[in-house]
Amino acid sequence: MGEHVIKLPDVGEGVAEAELVEWHVKVGDLVREDTVLAAVMTDKATVEIPSPVDGEILWLGAEIGDTVAIGSPIVRLKVAGEGNVKAEIGGGDAPKAEAPAKSVEPKAEPQPSTPKPAPKPADPPAKVSPAAAPKAARPASISGAPRAEGEKPLASPAVRLRAKEAGVDLRQVPGSGPAGRINHEDIDAFVARGPQVARATGLARKDGVEDIKVVGLRRKIAEKMALAKSRIAHITYVEEIDVTALEELRATLNKEKRADRPKLTLLPFLMRAMVKAIAEQPNLNALFDDEAGVIHQHEGIHIGIAAQTPNGLVVPVVKHAEARDLWDSAAEVNRLADAAKAGTASREELSGSTITITSLGAMGGVATTPVINYPEVAIVGVNKMMVRPVWDGTQFIPRKMMNLSSSFDHRVIDGWDAAVFVQRIKALLETPALIFVD
């Protein structure tokens, strides 16, 4: 038998370290070749580490949340054969097992040959008066609380009435009377304890605290959001948009679409509207390097789509939206969303955005204040679509209305420019035929 050490492999070009976000095994587990041992994360991309050999887990070299350098030992296995390291060579990587100390039984001392004198008979026990005799301890089931389910506490009608008026659950009150009977003094003592009072309604205070370590994607999100809010001076602009005509057009296109085309949602229309608006205001499609004092204004429009996944928020990127029509945009959004939810999106698919859309779908709320995806300078937020009465000059008519809540980096985007950008998107969405006009 030998030992095999698995080191953290190179998980990406230029990556020097990765965060351990999940263990799939524990010490003592038997694993086979290609069994997934752990998952590490870097730049929002999660990479699984498989075992190259069969063996038994002897040692795990990191805890969840630890940052591990590339090439560092992370797992040690016992394998058949020589393995790739001698068992005695462990250095500081794995704790060496200490040999159990041999137990030594003490030698029996020789017994003296002279017999010991017999002990004197014990004095007869002194008589104890009944008043001085200690009281027998009452069984825990009588004085303990809470009582078993269905067990009725013993108490007089007067005590029960008082407990009811005070909102005290008698099942939670220890009784000091015979057979655990509850008296008025027991009610007083129970109420005086305060935090332990359980109400007759069944409601009870809870004081437990659960510590949840912030690791993996959640830690990345926290760091990114804190950086964005601390570095960017946000300004949020909310505008109401009538999407009645757009929804009619979308329904018609979906009804008459070819079988090889995806179903259209609102997002492809919004993306095409943003492409047209950015063509008139290219300063919105930019990254601001505030440390160097340089704005990198991009010609290619790479739209990030903030997506909620079982592991947290990720932003897959539709590259070169300026070169995609409605159907191509819809297909790419669907593909990226599926990859993000399945956890298979690559680093390239989760990076490189120049402007972002965030949408909570049907739960979008009336208005939001989106946080800019640093170091971008703008983010467009889609709010909930709903039918509202709109005054047309003579009467109220039902219209499908939706708010856009958009945030801008006020250090480089003036409020006027932000308003012009949103108003241009509004005009395109309210008259959707303009989206198709070059």
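Residues numbered from 1 in each chain as written. Predicted model: local features only at pLDDT ≥ 70, side-chain atom pairs only at ≥ 80, totals over all residues. Heavy atoms only, no water.

Asks: Describe the sheet that holds strand β4 (residues 36-42), naming the residues involved and giving the relevant values.
Replies: Spatial ordering of the open sheet is given by β5-β4-β2-β7, a layout of four strands whose pairing is antiparallel. What marks the edges here is a single partner per strand, and that holds for β5 (45-50) and β7 (67-69). With strand direction ignored, the average angle separating the axes of adjacent strands in the sheet is 40°. Of the strand pairs in this sheet, β4 and β5 are connected by six bridges, and their pairing is antiparallel. In the sheet register, Val-36 faces β5, and the bridge partner there is Pro-50. (Pairing = 2+ DSSP bridges. Helix = DSSP H or I, 4+ residues; strand = E, 2+ residues; numbered from the N terminus. Axes fitted to C-alpha atoms, helices over the stretch in contact; angles between N-to-C directions.)

Asks: Hey, could you go over unusual backbone geometry for me, with residue numbers and the actual values?
Replies: A cis amide bond links Tyr-374 to the next residue, Pro-375, at an omega of 10°. In this structure, Asp-34 is a non-glycine residue whose phi angle is positive, near 80°. With a relative accessible area of 56%, Asp-34 lands in the exposed category. Phi at His-320 is positive, roughly 50°, even though this residue is not glycine. Mapped onto the elements of the fold, His-320 is located in the loop between β14 (317-318) and α7 (326-342). (Buried < 20%, exposed > 50% of the residue type's maximum accessible area, 1.4 Å probe, protein only.)

Asks: I'd love a proper account of the sheet that holds strand β3 (residues 30-31), names of residues and values included.
Replies: Reading across the sheet, the four strands line up as β1-β8-β6-β3 and stay open at both edges, with antiparallel pairing between neighbours. Two strands close off the open sheet at either side, each with one partner strand: β1 (2-7) and β3. Both β1 and strand β8 (residues 73-79) contribute to a ladder of six bridges, which runs antiparallel. Residue pairing for β8: Lys-7 is matched across the bridge by Pro-73.

Asks: I'd like a rundown of the nonpolar core, residues and numbers included.
Replies: If you look at the biggest cluster of nonpolar residues, it comprises 44 residues, and the most contacted ones within it are Leu-270, Ile-357, Leu-404, Phe-421, Ile-425 and Leu-429. It is helix α6 (residues 266-280) that contributes the most residues to this core, ten residues altogether. Apart from residues no more than four positions distant in its own chain, Leu-429 is found in contact with Ile-241, Asp-242, Leu-246, Phe-269, Leu-270, Ala-273, Leu-404 and Ile-435. In terms of nonpolar packing, the next biggest core, distinct from the first, is built from 20 residues, Leu-8, Val-11, Leu-20 and Leu-37 among them. (Core = buried A, V, L, I, M, F, W, Y, C linked by side-chain atoms within 4.5 Å. Contact = heavy atoms within 4.5 Å.)

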